[in-house]
Amino acid sequence: MPVNLKDLPENIAHAVKLSRAFMPPTSNATFIPRSLDPRVTAWAKQVIENGRLSTALEEIADSDPDLAD
Amino acid sequence: MLIVDDQILFRLLANQAEPLLIQLSANGIATTSSWYFRLAKAIASGRTNRALGGLFADVDSPTRDLVQQSLKRLPDEILCPEPKAVVPVMAEISTVINANFINLEALALAVLLDADLAVSTDSPLITNGAQLLHLNVHLL
């Protein structure tokens, strides 16, 4: 859940902004949790890939009015 | 993004993630230096009478090898930001929330990464701090 910095005490929000500016970029790779049950692992891959795919589709729709619902 | 404690990190590294954990992890996983250290220390010590050591003792030999290798070099996909980024936020949070180092680090990391927290034991320090900082905590 995105943290709204305006909801935080000012000193904390300020520290967060500074730290975020200096943090290295996060990896794009997603750790795929595995389970002892290979079916659950396969499901996990699907959840993660579908999550990424739906986000990508939303971004495309947002940038192109012709694609919006 | 989900920040996991030491016990949950173990479950992830040992390929013992349950469906809810997998679902919550879909947007990425991170852990704190403290939790990473606590897990690595417990396993390095070989003590099986403690919670983390007990988890390790309960899995088979190949899984123990897998966990040990993963702890020596945490997978790149599991974020563990360095103290330079986290400590300034911890310091400011400590002015409004009375919590120990481990919990402050977890709360600070959650705020920094816009993440939820996943813990294996109920901790009022974490829960109360999370509430003040508008963070979600999952007890798994």
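The preceding data block contains the structure.
Nothing here was measured: the structure is a model prediction, and the numbers come from that model.

## Considerations on the overall build of chain B
Then step 1. Helix and strand content of chain B: eight helices and five strands.
Then step 2. Ordered by position from the N terminus, the helices and strands of chain B form the series β-α-α-β-α-α-α-β-α-α-β-α-β.
Then step 3. Sequence separation of at least 24 residues holds for 65% of the intrachain contacts in chain B that already meet a minimum separation of 6.
Then step 4. Total accessible area on chain B stands at roughly 6400 Å², and carbon and sulfur atoms take up 52% of it.

## What about the pairing of strand S4 (residues 116–119) of chain B?
All names here are of chain B.
Then step 1. Of the two faces of S4, both are covered, the one formed by Asp116 and Ala118 as well as the one formed by Leu117 and Val119.
Then step 2. As defined by bridge partners, strand S1 (residues 2–4) adjoins S4 across three bridges and the pair is classed as parallel. In the sheet register, Ile3 faces S4, and the bridge partner there is Leu117.
Then step 3. Of the pairings in the sheet, the one linking S4 to strand S5 (residues 137–139) comprises three bridges and is parallel in character. The partner of Leu117 across the bridge, within S5, is Val137.
Then step 4. In this fold, the crossover linking S4 to S5 by way of helix H8 (residues 124–132) has right-handed handedness.

## Concerning helix H5 (residues 61–72) of chain B
All names here are of chain B.
Then step 1. The end-to-end C-alpha separation of H5 is 17 Å, in line with the 16 Å expected for 12 residues at 1.5 Å each.
Then step 2. Within the sequence span of H5, burial applies to Thr63, Val67, Ser70 and Leu71. Looking down the long axis of H5, one finds its buried residues gathered within 100 degrees of arc, a one-sided arrangement. Residues Pro62 and Lys72 are exposed on H5 and point more than 90 degrees away from its buried face.

## Digging into the pattern of salt bridges
Then step 1. One pass over the full model with this rule turns up four salt bridges over all chains.
Then step 2. Between Asp76(B) and Arg73(B) there is a salt bridge, with its nearest N and O atoms 3.1 Å apart.

## Things to note about the environment of Ser120(B)
Residues and elements named next belong to chain B.
Then step 1. Looking at where Ser120 falls in the secondary structure, it is placed in the loop between S4 and H8.
Then step 2. With a relative accessible area of 18%, Ser120 lands in the buried category.
Then step 3. For the pair Ser120 and Lys41, spaced 79 residues apart in the sequence, the C-alpha separation amounts to 18 Å.
Then step 4. Apart from the residues within four sequence positions on either side, Ser120 is in contact with Asp5, Gln7, Ile8, Arg11, Leu139 and Leu140.
Then step 5. In this structure the side chain of Ser120 is engaged in a polar contact, spanning 2.7 Å, whose partner is the side chain of Asp5.

## Section: helix H1 (residues 6–13) of chain B
Residues and elements named next belong to chain B.
Then step 1. Judged by how many residues are buried, H1 sits mostly within the fold: eight of eight residues are covered.
Then step 2. Asp6, Gln7, Ile8, Leu9, Phe10, Arg11, Leu12 and Leu13 are the residues of H1 that are buried.
Then step 3. Just beyond H1, the residue with positive phi is Asn15, at close to 60 degrees.

## As for the environment of Leu132(B)
Then step 1. By secondary structure assignment, the location of Leu132(B) is in helix H8.
Then step 2. C-alpha of Leu132(B) to C-alpha of Ile97(B): the two residues are 35 residues apart in sequence and 8.3 Å apart in space.

## Points about the side chain of Asp5(B)
Residues and elements named next belong to chain B.
Then step 1. Relative to the helices and strands, Asp5 resides in the loop between S1 and H1.
Then step 2. Although Asp5 is buried, it forms no salt bridge, and the closest oppositely charged side chain is Arg38 at an N-O distance of 5.9 Å.
Then step 3. Setting aside its immediate chain neighbours within four residues, Asp5 contacts Trp35, Ala118, Val119, Ser120 and Thr121.

Calculation criteria
Residues numbered from 1 in each chain as written. Chains lettered and ligands numbered in written order. Predicted model: local features only at pLDDT ≥ 70, side-chain atom pairs only at ≥ 80, totals over all residues. Heavy atoms only, no water. Helix = DSSP H or I, 4+ residues; strand = E, 2+ residues; numbered from the N terminus. Contact = heavy atoms within 4.5 Å. Areas by Shrake-Rupley, 256 points an atom, 1.4 Å probe, with all protein chains shown as cover. Buried < 20%, exposed > 50% of the residue type's maximum accessible area, 1.4 Å probe, protein only. Pairing = 2+ DSSP bridges. Right-handed = clockwise from strand over helix to strand, strands pointing away. Expected span 1.5 Å × (residues − 1). Arc of directions from axis to C-beta. Salt bridge = Lys/Arg side-chain N within 4 Å of Asp/Glu carboxyl O. Polar contact = N/O pair within 3.5 Å; in protein donor to acceptor, adjacent residues only side chain to side chain. Lys, Arg positive; Asp, Glu negative; His and termini not counted.

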